Amino acid sequence: YIQIDNLRGMSIMYSFRNYETYKEELEDILSFNPVEYELYSIIADIIRNSDNFSEYYLRDVSHDRTCEITKHFKGCSGFPDFVVTSKGPEHSKVGAVEVKVISKNIDKGLEQVKGHIESFGNVIYTNGLEWRFYDKDFFNNYNKAKWSFQLATLNGREITWKNQAVWNDLLKALNDITWQKNKTD
């Protein structure tokens with residue numbers, strides 16, 4: 001949940017894990033500001049609120065540039081949008097998240113994703129309408145995502161959403177991700 005304090009001092013709890021809220025936000029983004037970074041806070045909220053995420057940090061490195069402080073977040077394909085690290089003194093890199101603009105066919109960004117898989121092991125790849133999870137071992141054996149959920153289709157500026165069951169399956173899959181240290185790290 002995101003706590004928003006309004007002008008009257010009241011707090012509103014807002015979660016993007018509610019499918020109706022999620023759909024409304026994505027439709028608004030597509031209509032008024034269809035850019036990739038508009039999805040970042042929504043995607044981060046969903047991942048951070050997954051059942052199994054309490055042992056991890058999600059770091060936004062989308063604007064990082066290579067320097068001494070940030071170079072450890074750079075992978076074979078440059079910086080992902082987010083890096084997942086374990087909590088604790090090592091902050092081991094255990095995954096990455098790559099977000100694309102809603103209107104992008106995410107099949108067209110697979111070379112970048114392959115580099116992130118090589119560097120980070122586990123990768124969530126999404127444009128908000130489709131979500132994919134790549135596990136390095138699974139990808140090396142089968143050359144495809146471990147799972148994929150198509151929440152909606154896009155026809156011009158019109159989003160056609162699938163039913164609540166697909167959303168529930170996505171949330172369950174996110175809850176079931178086993179984040180583990182990249183074996184080549």
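The present account deals with the structure reproduced in this document. (Residues numbered from 1 in each chain as written. Predicted model: local features only at pLDDT ≥ 70, side-chain atom pairs only at ≥ 80, totals over all residues. Heavy atoms only, no water.)

1. A word on a negative patch on the surface
Together, Glu-24, Glu-27, Asp-28 and Glu-158 line one region of the surface with negative charge. The greatest single-element share of the negative patch, amounting to three residues, is contributed by helix H1 (residues 19-32). (Patch = residues over 30% accessible without salt bridge, like charges linked within 9 Å, V, L, I, M, F, W, Y side chains within 5 Å. Areas by Shrake-Rupley, 256 points an atom, 1.4 Å probe, with all protein chains shown as cover. Salt bridge = Lys/Arg side-chain N within 4 Å of Asp/Glu carboxyl O. Lys, Arg positive; Asp, Glu negative; His and termini not counted. Charge placed at Lys NZ, Arg CZ, Asp CG, Glu CD. Helix = DSSP H or I, 4+ residues; strand = E, 2+ residues; numbered from the N terminus.)

2. Brief notes about helix H5 (residues 164-175)
Helix length check: H5, at twelve residues, gives a terminal C-alpha distance of 17 Å against a target of 16 Å (1.5 Å per residue), a fit within 8%. Elements in contact with the buried residues of H5: H1, helix H2 (40-48), strand E6 (122-126), strand E7 (130-135) and strand E8 (147-150). N-cap assignment for H5: the residue whose side-chain oxygen lies 3.1 Å from the backbone N of Ala-165 is Asn-163. (Expected span 1.5 Å × (residues − 1). Contact = heavy atoms within 4.5 Å. Polar contact = N/O pair within 3.5 Å; in protein donor to acceptor, adjacent residues only side chain to side chain.)

3. Things to note about the sheet that holds E6
With respect to topology, six strands assemble into an open sheet ordered E3-E4-E5-E6-E7-E8, the strand pairing being mixed. Only two strands of the sheet have a single partner each, and these edge strands are strand E3 (56-60) and E8. Sheet twist, expressed as the mean angle between neighbouring strand axes with direction ignored, is 15°. Pairing of strand E4 (residues 82-86) with strand E5 (residues 93-99), which is carried by four bridges, proceeds in the antiparallel orientation. Each bridged residue has a counterpart across the sheet, and for Thr-85 the counterpart in E5 is Lys-93. Across the face of the sheet, H5 comes into contact with E6, E7 and E8 while running at roughly 150° to E8. (Pairing = 2+ DSSP bridges. Axes fitted to C-alpha atoms, helices over the stretch in contact; angles between N-to-C directions.)

4. Some points on the packing of aromatic side chains
One pass over the full model with this rule turns up twelve aromatic pairs. Ring centres of Tyr-19 and Trp-161 lie 6.0 Å apart, and the angle between their planes is 90°; on these two criteria the pair is classed as edge-to-face. Of the two residues, Tyr-19 is situated in helix H1 and Trp-161 in strand E10 (residues 158-161); the sequence distance between them amounts to 142 residues. Note on accessibility: Tyr-19 and Trp-161 belong to one class, buried. In this structure an aromatic cluster arises from ring pairing among Phe-53, Tyr-56, Phe-133, Trp-147, Phe-149 and Trp-179. (Phe/Tyr/Trp six-rings, centres within 6.5 Å; stacked < 30°, edge-to-face > 60°. Buried < 20%, exposed > 50% of the residue type's maximum accessible area, 1.4 Å probe, protein only.)

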